[in-house]
Amino acid sequence: MPAEAADLAGTPDAFQRLWTPHRMVYIGGADKPADDSERACPFCSIPGREDVDGLVVARGALAYVVLNLYPYNPGHLMVVPYRHVAGYPELTTAELAEIGELTQGAMRVLRATSAPAGFNLGVNQGDVGGAGIAAHLHQHVVPRWGGDANFMPIVAGTKPLPQLLGTTRAVLAAGWAAHSGTTAVAVPDATPEEG
Ligand SMILES: [Zn+2]
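Residues numbered from 1 in each chain as written. Predicted model: local features only at pLDDT ≥ 70, side-chain atom pairs only at ≥ 80, totals over all residues.

Naming follows an unreviewed UniProt entry, where the protein chain appears as HIT family hydrolase of Serinibacter arcticus.

A. Representation of helix α5 (residues 165–179) in the model. Across its 15 residues, α5 extends 20 Å between first and last C-alpha, which sits within 8% of the 21 Å expected from 1.5 Å per residue. Here α5 has its buried residues at Leu 165, Thr 168, Arg 169, Ala 170, Val 171, Leu 172, Ala 173, Gly 175 and Trp 176. Where α5 is buried, its residues contact α2 (51–54), β1 (56–59), β2 (63–67) and α3 (93–114). Downstream of α5 by one or two residues, Gly 181 has phi in the positive range, about 70°. (Helix = DSSP H or I, 4+ residues; strand = E, 2+ residues; numbered from the N terminus. Expected span 1.5 Å × (residues − 1). Buried ≥ 20, exposed ≤ 12 C-beta atoms within 10 Å, placed from the backbone. Contact = placed C-beta atoms within 7 Å.)

B. Geometry of the UniProt feature "binding site: substrate" (unreviewed entry) in the protein chain. Mapped onto this structure's residue numbering, the UniProt feature "binding site: substrate" (unreviewed entry) falls at Asn 68 and His 140. Over a stretch of 73 residues, the named residues converge on one spot in the fold, their C-alpha atoms separated by at most 8.6 Å. Assignment of secondary structure puts Asn 68 in the loop between β2 and β3 (77–81). Once you skip the residues sitting within four places of it in the chain, Asn 68 turns out to touch His 76, Leu 77 and Met 78. Within the secondary structure layout, His 140 lies in strand β5 (residues 139–144). Taking the C-beta count within 10 Å as the criterion, His 140 has 20 such neighbours and is therefore assigned buried. (UniProt positions renumbered as here; feature names shortened; annotations may be inferred.)

C. Structural view of the packing of α3 against α5. Contact geometry for α3 and α5: axes closest at 9 Å, N-to-C directions at 115°. What the angle tells us is that α3 and α5 run roughly perpendicular. Viewed along their axes, α3 and α5 form a crossing whose handedness is right-handed. Of the residues in α5, those touching α3 at Arg 108, Val 109, Ala 112 and Thr 113 are Val 171, Leu 172, Gly 175, Trp 176 and His 179. Partitioned by chemical class, the residues of the contact of α3 with α5 number 5 nonpolar, 3 polar and 1 charged. (Axes fitted to C-alpha atoms, helices over the stretch in contact; angles between N-to-C directions. Parallel < 35°, antiparallel > 145°, perpendicular 65-115°, else oblique. Left-handed = near helix turned anticlockwise from the far one by under 90°. Nonpolar A, V, L, I, M, F, W, Y, C, P; charged D, E, K, R; others polar.)

D. Region of the structure containing unusual backbone geometry. Positive phi outside glycine occurs at Leu 55, with the angle close to 60°. You can see Leu 55 is positioned in the loop between α2 and β1. Judged by the 24 C-beta atoms lying within 10 Å of it, Leu 55 is buried. The phi dihedral of Ala 115 falls on the positive side, at around 45°, and the residue is not glycine. Tracing the backbone shows Ala 115 in the loop between α3 and β4 (118–122). Ala 115 sits in the exposed class, given 9 other C-beta atoms within 10 Å.

This is the structure in structure tokens:
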């Protein structure tokens with residue numbers, strides 16, 4: 001007699017599907033840029049794309065907010081200066097101020113839309129510091145929930161994520177104006193999916 005799902009151990013939870021990297025939106029794969037130049041840099045090319053295609057959530061004057069294509073958690077955002085600059089000390093005072101403001105805005109929007117219990121904020125500097133794209137600085141904003149560090153990444157090399165990236169972008173962009181407290185501009189989807 002074939003097993004039915006109802007006969008197996010476990011109860012349904014919030015994970016609706018396993019995330020798979022089916023949308024190679026801005027790097028075309030897990031590969032790093034060919035070199036450290038602006039021409040090869042995804043963070044330099046993303047602002048030239050449509051927001052939906054680039055997974056851009058909001059645009060300020062000196063920096064923008066974008067979803068991470070390889071998120072640690074759903075809603076993992078990055079705040080990125082438009083200028084191709086690697087080191088935190090190289091940022092201007094104005095860039096620092098806007099990156100800080102957009103980081104606050106990203107946290108407010110995530111709190112309003114998905115109620116995380118906490119956050120990790122951070123800038124990895126250099127390859128040895130863990131930066132995936134070291135040539136162009138980016139500030140991570142990672143929402144955290146209790147129990148989110150589960151066994152799946154360890155045993156399966158797979159991170160279960162409850163929303164596909166395009167849907168997550170639509171939710172965050174739609175909530176940006178109301179919740180971010182910033183003047184950065186967000187372009188909502190014409191018909192955002194239900195999350
Ligand atoms: Zn760049």
